[in-house]
Amino acid sequence: MAEFQAVAKVGDIPEGQGRAFAVNDRMVAVFNDGGEHFAIDDFCPHMGAALSDGHVEKGVVACPWHAWRFCVRDGTWCDNPRIKIDRFDLRIEGDKIEVLVPPKR
Ligand code: FES
């Protein structure tokens, strides 16, 4: 069973930015949106850019390559909510940012 894993400290990720972390053989993008943190799959389903390199604002990250926009709360593609990428549970424990990432099937 997957457990929460620490990936960074609060303050490591500047507001409006993301960072990618390898957890359970997956790349996870963790974003700081106005002081709140969110975790989604780092892989853009369009052509595979790292979403963690995108800018996040008001709950939406724009892919750095062609600007597809995804909700960092639930992973939905803003232009077609029927398409969704994975989102992961995230919690703050003390000064640590922890994510819960099930192993890839
Ligand atoms: S690779 Fe992300 S929008 Fe094209």
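Structural data are supplied above this passage.
Residues numbered from 1 in each chain as written. Predicted model: local features only at pLDDT ≥ 70, side-chain atom pairs only at ≥ 80, totals over all residues.

Attention now moves to the overall build of the protein chain. Looking only at helices and strands, the protein chain features zero helices and eleven strands. Beginning at the N terminus, the succession of helices and strands in the protein chain can be written as β-β-β-β-β-β-β-β-β-β-β. Scaling as 2.2 N^0.38, a compact globule of 105 residues should have a C-alpha radius of gyration of about 13 Å, and the protein chain matches this with 13 Å. Expressed as lengths along the three principal axes of its C-alpha atoms, the size of the protein chain is roughly 35 × 35 × 20 Å. Sequence-distant contacts, at least 24 apart, represent 42% of the contacts inside the protein chain between residues at least 6 apart. (Helix = DSSP H or I, 4+ residues; strand = E, 2+ residues; numbered from the N terminus. Rg over C-alpha atoms; globule rule 2.2 N^0.38 Å. Contact = placed C-beta atoms within 7 Å.)

Counting 23 residues, the largest nonpolar core has Val 28, Val 30, Ala 39, Ile 40 and Val 99 as the members making the most contacts within it. Counting residues per element, the ones that place at least two in this core are β3 (26-33), β4 (36-41), β10 (87-93) and β11 (96-100). Considering each element in turn, this core owes the most residues, four residues, to β3. Ignoring anything within four residues of it in the chain, the contact list for Val 30 reads Val 7, Ala 8, Ile 13, Gly 18, Arg 19, Phe 21, His 37, Ala 39, Leu 90, Ile 97 and Val 99. (Core = buried A, V, L, I, M, F, W, Y, C linked by C-beta atoms within 7 Å. Buried ≥ 20, exposed ≤ 12 C-beta atoms within 10 Å, placed from the backbone.)

Another aspect to go through is the environment of Cys 71. Counting through the fold element by element, Cys 71 comes out in strand β7 (residues 69-71). By C-beta crowding, Cys 71 is classed as partly exposed, having 18 other C-beta atoms within 10 Å. The contacts of Cys 71, once residues within four sequence positions are left out, are Gly 59, Val 60, Thr 76 and Cys 78.

Note that β3 and β4 share six bridges and pair antiparallel. Within β4, the residue paired with Phe 31 across the bridge is Phe 38. Here β3 folds back onto β4 in antiparallel fashion, the turn holding two residues, of which Gly 34 has a positive phi close to 60°. Across two bridges, the pairing between β4 and β10 is antiparallel. Opposite Ile 40, over in β10, you have Arg 87 as the bridge partner. (Pairing = 2+ DSSP bridges.)

A positive phi is found at Asp 25, a non-glycine position, where the angle reads about 65°. Mapping Asp 25 onto the fold places it in the loop between β2 (18-23) and β3. Not every positive phi belongs to a glycine, and Lys 58 is a case in point at roughly 50°. Note on placement: Lys 58 falls in the loop between β5 (55-57) and β6 (60-62).

Another point: the environment of Val 28. Along the polypeptide, Val 28 turns up in strand β3. When the C-alpha positions of Val 28 and Arg 87 are compared, they lie 8.8 Å apart, and in sequence the two are 59 residues distant. What Val 28 contacts, discounting residues up to four positions off in sequence, is Ala 20, Phe 21, Val 23, Ala 39, Asp 41, Asp 42, Phe 88, Val 99 and Val 101.

These results come straight from atomic positions and should not be treated as a statement about function.
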